Amino acid sequence: MKNESTIIDVPAESSSAMKGSAPLIGMAKDHTTSDSGGYKRGLSIFDFFLRLAAIIASSVAAGTMFTSDETLPFFTQFLQFQAGYDDLPTFQFFVIAMSMISGYLVLTLPFSVVTIVRPLAVAPRLLLLVLDTAAMAFNMAAASSAAAIAYLAHNGNQNTNWLPICQQFENFCQKTSGAVVSSFVSVVFFIILVVISGVALKRH
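Residues numbered from 1 in each chain as written. Predicted model: local features only at pLDDT ≥ 70, side-chain atom pairs only at ≥ 80, totals over all residues. Heavy atoms only, no water.

If you look the chain up in an unreviewed UniProt entry, it shows as CASP-like protein from Raphanus sativus. For the record of the chain, the UniProt heading Subcellular location (unreviewed entry) holds the text "Cell membrane". The chain has a UniProt comment under Sequence similarities (unreviewed entry) that states "Belongs to the Casparian strip membrane proteins (CASP) family." (UniProt positions renumbered as here; feature names shortened; annotations may be inferred.)

Structure, rendered in structure tokens:
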């Protein structure tokens, strides 16, 4: 018996079809990169406006504390009752610290603009992350120390015989308390800025 063999011709894949697969892969990668760049650009724009808001908050905190002086309308021949931020070293530190924070935020605006123009750039975003973290800690220190003094001004401390002064210096206490609140708002903005930088640095 003769063995019958069947030959099946399998058409070879043309070279043009093989060449066409590579551009498809490249197009997919470009599409992914474009999506990532647009997402990070959106974060950078949000970052820029947050810095503007933080500048306002820190400037209001420094300015309000700086103008918190109050003089009572009555005085004696030898005494004049006056309260001011410069009477307390903690409040002096607060004004200096918040002024520095405000100046720092102004200086970081160009770097924020760079991250908008080049959303995939790592160096400016990493620099902002490190500096913002340090500034946040500095801001928190100033706000916390001023908050402690403001609390004593409102409530005093019976154990140390520190009497509350806000019943007499009401305007002074209102301004110092407002400055402290504004400084904590600045801290919240810094926390969001640090989170944004961390998310933007994450690889997709």
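1. Examining the overall build of the chain
Helix and strand content of the chain: four helices and two strands. In sequence order, the secondary structure elements of the chain are arranged as α-β-β-α-α-α. Expressed as a percentage of the 204 residues in the chain, the buried residues total 33%. Counting contacts in the chain only where the partners sit at least 6 residues apart, residues at least 24 apart contribute 78% of the total. Put simply, the chain shows about 12900 Å² of open surface, and 67% of that area lies on carbon and sulfur atoms. (Helix = DSSP H or I, 4+ residues; strand = E, 2+ residues; numbered from the N terminus. Buried < 20%, exposed > 50% of the residue type's maximum accessible area, 1.4 Å probe, protein only. Contact = heavy atoms within 4.5 Å. Areas by Shrake-Rupley, 256 points an atom, 1.4 Å probe, with all protein chains shown as cover.)

2. A short note on the environment of Leu43
With respect to the helices and strands, Leu43 occurs in helix H1 (residues 15-66). The sequence separation of Leu43 and Ala200 amounts to 157 residues, and the corresponding C-alpha distance is 7.1 Å. Beyond its immediate sequence surroundings of up to four residues, Leu43 is in contact with Ile196, Val199 and Ala200.

3. Notes on a nonpolar patch on the surface
Taken together, the side chains of Tyr39, Ile191, Val195 and Val199 present a nonpolar region at the surface, about 330 Å² in accessible area. If one sorts the elements of the nonpolar patch by residue count, helix H4 (residues 170-201) sits on top with three residues. Judged by its relative accessible area of 32%, Val199 is partly exposed. (Patch = residues over 30% accessible without salt bridge, like charges linked within 9 Å, V, L, I, M, F, W, Y side chains within 5 Å. Salt bridge = Lys/Arg side-chain N within 4 Å of Asp/Glu carboxyl O.)

4. Section: the packing of helix H2 (residues 89-117) against H4
Close contact between H2 and H4 brings their axes to 12 Å; oriented N to C, the two are set at 40°. Taken as a pair, H2 and H4 cross one another with a handedness that is left-handed. Side by side, H2 and H4 meet where Phe91, Phe94, Met98, Ile101, Tyr104 and Leu105 of the first sit next to Phe172, Thr176, Ala179, Val180, Ser183, Ser186 and Phe190 of the second. Here the residues of the contact of H2 with H4 sort into ten nonpolar, three polar and no charged. (Axes fitted to C-alpha atoms, helices over the stretch in contact; angles between N-to-C directions. Left-handed = near helix turned anticlockwise from the far one by under 90°. Nonpolar A, V, L, I, M, F, W, Y, C, P; charged D, E, K, R; others polar.)

5. Describing the packing of aromatic side chains
Taken as a whole and assessed by the stated rule, the structure comprises five aromatic pairs. Between Phe48 and Phe49, the ring centres sit 5.9 Å apart and the planes meet at 80°, which makes this aromatic pair edge-to-face. The class of Phe48 is partly exposed, set by a relative accessible area of 22%. The exposure class of Phe49 is exposed, given its relative accessible area of 52%. (Phe/Tyr/Trp six-rings, centres within 6.5 Å; stacked < 30°, edge-to-face > 60°.)

6. Quick look at the packing of helix H3 (residues 123-155) against H4
For the pair H3 and H4, the least separation of the axes is 8 Å and the interaxial angle reads 155°. Our classification of the angle between H3 and H4 gives roughly antiparallel. Helix-helix and strand crossings are classified by hand; for H3 and H4 the assignment is left-handed. Looking at the contact of H3 with H4 residue by residue, the classes come out as 22 nonpolar, nine polar and two charged. (Parallel < 35°, antiparallel > 145°, perpendicular 65-115°, else oblique.)

7. Thoughts on the state of the cysteines
By definition, a disulfide links the sulfur atoms of two cysteines through a covalent bond. This structure, assessed with the given rule, holds one disulfide. Bridging Cys166 to Cys173, the disulfide has an S-S length of 2.0 Å. Across the S-S bond of Cys166 and Cys173 the torsion is about -90°, and the bridge reads as left-handed. For the pair formed by Cys166 and Cys173, the shared burial category is buried. (Disulfide = S-S within 2.5 Å.)

8. With respect to the UniProt feature "transmembrane region" (unreviewed entry) in the chain
Mapped onto this numbering, the UniProt entry annotates "transmembrane region" (unreviewed entry) at residues 48-66, 91-114, 126-153 and 179-201. End-to-end, the C-alpha atoms of residues 48-66 are 27 Å apart, and along that stretch the chain is 100% helix and 0% strand. The straight-line gap between the two end C-alpha atoms of residues 179-201 is 33 Å; of that span, 100% is helix and 0% is strand.

9. A closer look at the layout of surface pockets
In this structure, the largest pocket encloses a volume near 230 Å³. Considering the residues around the largest pocket, the lining is formed by 13 residues, among which Leu88, Ile149, Leu152, Ala153 and Ile165 are closest to the centre. Those elements giving two or more residues to the lining of the largest pocket turn out to be H3 and H4. For the lining of the largest pocket, the element with the highest residue contribution is H3, accounting for three residues. Residues of the lining of the largest pocket, tallied by class, amount to ten nonpolar, two polar and one charged. (1 Å grid on protein atoms, 1.4 Å probe; cavity = no way out; pocket = protein on both sides within 12 Å on 5 of 7 lines; lining within 4 Å. Points joined across faces, edges and corners; volume = space filled by probe spheres on them.)

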